[in-house]
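# Observations on the three-dimensional arrangement
What follows is the residue order along each chain.
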Amino acid sequence: MQTLKHYSILAFLLLFLSCNVSPQPIIYGSDGCHFCSMTIVDKTHAAEVVTTKGKVYKFDATECMINFMDEFDTSEIKLYLSNNYTEPEALIDATKATFLISENIPSPMGAFLTAFKNKTDAEKFQAEKGGDLYTWKTLLAKFKD
């Protein structure tokens, strides 16, 4: 009976740990983009998707993450994350970010797409570098065109 109890606890722990839905750190210079297979090196433009089952897909740019969505059942996606341009390596909720497309801020795949955690920072960079601001929703609509 004691052995059965230990197996039950072990099974519960394995189930709990296998369902962890959270981001994973991107290993810059080592991890590859799930969409285009390039090595992820840019610490200000990378992105990540986490599914409802906890599977993580990493991308070298937000535009790769958006293009990946065309091939994936988006109802299975729990988190959309992009690097915050003003805080390299920091992943932010892409659905709440403000995006700037400016030809004066290059991104790895040439879409000139940059994410900002807050709109104030995005507006500051827009004033300096030019370009257009987008919400997640308007950005997805632009990429569908």
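Criteria and thresholds
Residues numbered from 1 in each chain as written. Predicted model: local features only at pLDDT ≥ 70, side-chain atom pairs only at ≥ 80, totals over all residues. Heavy atoms only, no water. Helix = DSSP H or I, 4+ residues; strand = E, 2+ residues; numbered from the N terminus. Contact = heavy atoms within 4.5 Å. Buried < 20%, exposed > 50% of the residue type's maximum accessible area, 1.4 Å probe, protein only. Pairing = 2+ DSSP bridges. Axes fitted to C-alpha atoms, helices over the stretch in contact; angles between N-to-C directions. Polar contact = N/O pair within 3.5 Å; in protein donor to acceptor, adjacent residues only side chain to side chain.

## A few points about the environment of Ser 30
- Relative to the elements of secondary structure, Ser 30 occurs in the loop between helix H1 (2-18) and strand S1 (47-51).
- When the C-alpha atoms of Ser 30 and Val 41 are compared, they prove to be 7.9 Å apart, with 11 residues separating the residues in sequence.
- Sequence-distant contacts of Ser 30, that is, excluding residues within four places in its chain, are made with Thr 39 and Ile 40.

## Concerning the pairing of strand S6 (residues 113-116)
- Of the two faces of S6, the one carrying Leu 113 and Ala 115 and the one carrying Thr 114 and Phe 116 are both buried.
- Here strand S5 (residues 98-101) runs beside S6; their pairing, made up of 4 bridges, is antiparallel. Considered in S6, the bridge of Ile 101 is made with Leu 113.

## Things to note about the sheet that holds strand S2 (residues 56-59)
- Pairing in this open sheet of 4 strands is antiparallel, and the strands run S2-S1-S3-S4 from one edge to the other. Unpaired on one side and paired on the other, S2 and strand S4 (87-93) mark the two borders of the sheet. Pairs of neighbouring strands in the sheet enclose a mean axial angle of 20°, with direction left out of account.
- Sheet analysis places S1 next to S2, joined by 4 bridges and oriented antiparallel. In the strand pairing of S2, Val 49 is matched with Tyr 57.
- Relative to strand S3 (residues 77-84), helix H2 (residues 62-69) is tilted by about 160°, and along the sheet it contacts S1, S2 and S3.

## Topic: the environment of Asp 70
- Mapped onto the fold, Asp 70 is located in the loop between H2 and S3.
- Classification of Asp 70 as exposed rests on a relative accessible area of 53%.
- With 74 residues separating them in the primary sequence, Asp 70 and Lys 144 have C-alpha atoms 9.3 Å apart.
- Here the side chain of Asp 70 touches Lys 144 through a polar contact of 2.9 Å, side chain to side chain.

## Points about the sheet that holds S5
- Strand order across the open sheet formed by 3 strands is S6-S5-S7, with antiparallel pairing between neighbours. The outermost strands of the open sheet, each flanked by one partner alone, are S6 and strand S7 (132-134). Taken over all neighbouring pairs, the strand axes of this sheet differ in orientation by 30° on average, direction set aside.

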